[in-house]
Amino acid sequence: TRSLTITSLDQSMFEKAQGEKVTLPCTFELSEEDEGPLDIEWVLIPADNQKREQIIIMYAVDRVYNHYYASMTGRMQFTNLDPKSGDGSLDILNLKASDTGTYQCKVKKAPGVQSKKIQLTVLVKPARTKCSVEGSQEIGKDVTLKCVSQEGSPLLSYDWRRVSGTRDLPAVSVLNKNTGELLLKNASREYSGTYSCVASNRVGTDECSVELNVTPPVNTAGIITGAIIGTLLGLAVLCSVIFCFCKKHREKKYEKEVHHDIREDVPPPKSRSSTARSYIGSNRSSLGSMSPSNMEGYTKTPYSQVPSEDFERAPAQNPAFAPPKVAAPNLSRMGAVPVMIPAQSKDGSIV
């Protein structure tokens, strides 16, 4: 019995770049014996066999259904607006790396059923490629030029070329196309110049460049000597600042202590002696007004209690002390009765 057949069997694998468009072919021919309704399905077969097939678009009963696969909504459509004419090919727009997979076209018209599988690989072009120099750019040293792309599907290939001066790479250079490293051994001044790296894969290329400047060796001894001298000078300045600060602090502390110190060799204030004198004078002046009746009470008061500095000292400390005798006032002129005036003897007693 003759049944429908799929005629697009020439290509079953496609490689496209991200962002591009791909058309997955699926043309067919119907048979006169196929009398049932036409049904066309595109499904995505997952890499994991444990998962079920996912319908992404379908044509049935003269109508298109394309809401089954959310990640491709708005990016896929039938190539022919009327798939029943024999063309059930699928267009996928703005390809993404996640679109990589196996797609199957199924055409059904009872009693005939046919299918075809197509492998789609979405590759990412090299992008954001960066060049750099690793190692000391000194004469006689080994220098490595590095090139790496931040984006890009494997397998990426790297190639270096010289832009300035001679176009050829140095004879002693070693290139690794897989890692993008260019090793320049025993560098000389002639190696200086601009170098360019081209990263590529099956769907595109990207490029970057770097400047190499080979210089004579640096005088490390002079640098070390200068660093040592600078360090010593810095330490000297720091020590001087600390010394001055400590010295000033000690001077302030000493001035403060001297300000509050009480010296023992400083004589007492004169106000005490003057107080004692005024006290004695007041007592002497009062003698003239004393009568024999009140003289008795006065003689009982110890004369040694007079607040005088000389009387406060011990007799042993003042061997030459001789208290002055107080002359008796002329009572007859005052109209008073003569009285005896007490006097202090050398041993300190009252007579």
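Looking at an unreviewed UniProt entry, the protein carries the name CXAR protein, with the source organism given as Drymodes brunneopygia.

(A) Fine view of the environment of Glu53. Inspection of the secondary structure puts Glu53 in the loop between β5 (39-45) and β6 (54-60). The contacts of Glu53, once residues within four sequence positions are left out, are Val43, Leu44, Ile45, Pro46, Gln104 and Lys106. A polar contact of 3.3 Å, which involves the side chain of Glu53, links it to the side chain of Lys106.

(B) Inspection of the state of the cysteines at higher detail. A full pass over the atoms with the stated rule returns three disulfides. In this model Cys131 forms its disulfide with Cys208; the gap between the sulfur atoms is 1.8 Å. Its S-S torsion of about 75° marks the bond between Cys131 and Cys208 as right-handed, since a negative value means left-handed. Taken together, the residues Cys131 in strand β12 (residues 127-134) and Cys208 in strand β18 (residues 204-212) connect sequence positions 77 residues apart. The exposure classification of Cys131 matches that of Cys208, with both residues buried. With a sulfur-sulfur separation of 2.1 Å, Cys147 is cross-linked through a disulfide to Cys197. A torsion of -85° about the S-S bond marks the disulfide between Cys147 and Cys197 as left-handed. A residue pair is termed long-range when its members are at least 10 positions apart, and Cys147 in strand β13 (residues 143-151) and Cys197 in strand β17 (residues 193-201) qualify at 50 residues. Residue Cys147 is classed as buried on the basis of its relative accessible area of 1%. Residue classification places Cys197 among the buried positions, given a relative accessible area of 0%.

(C) Examining unusual backbone geometry more closely. A cis amide bond links Ala110 with the next residue in sequence, Pro111, at an omega value of 5°. Mapping Pro111 onto the fold places it in the loop between β10 (101-109) and β11 (112-123). The linkage connecting Pro154 with the following residue, Leu155, adopts the cis geometry, with an omega of 0°. Mapping Leu155 onto the fold places it in the loop between β13 and β14 (157-162). Here Asn186, not a glycine, exhibits a phi torsion of approximately 50°, which is positive. Position of Asn186 among the secondary structure elements: in the loop between β16 (181-184) and β17.

(D) Up close: the sheet that holds β14. Reading across the sheet, the three strands line up as β14-β17-β18 and stay open at both edges, with antiparallel pairing between neighbours. Since the sheet does not close on itself, it has two edges, and those belong to β14 and β18, each with one partner. Direction aside, the axes of adjacent strands within the sheet are offset by 20° on average. Where β14 meets β17, six bridges bridge the pair, whose relative direction is antiparallel. Bridge pairing in β17 links Arg162 to Tyr195.

So, how was this worked out
Residues numbered from 1 in each chain as written. Predicted model: local features only at pLDDT ≥ 70, side-chain atom pairs only at ≥ 80, totals over all residues. Heavy atoms only, no water. Helix = DSSP H or I, 4+ residues; strand = E, 2+ residues; numbered from the N terminus. Contact = heavy atoms within 4.5 Å. Polar contact = N/O pair within 3.5 Å; in protein donor to acceptor, adjacent residues only side chain to side chain. Disulfide = S-S within 2.5 Å. Buried < 20%, exposed > 50% of the residue type's maximum accessible area, 1.4 Å probe, protein only. Pairing = 2+ DSSP bridges. Axes fitted to C-alpha atoms, helices over the stretch in contact; angles between N-to-C directions.

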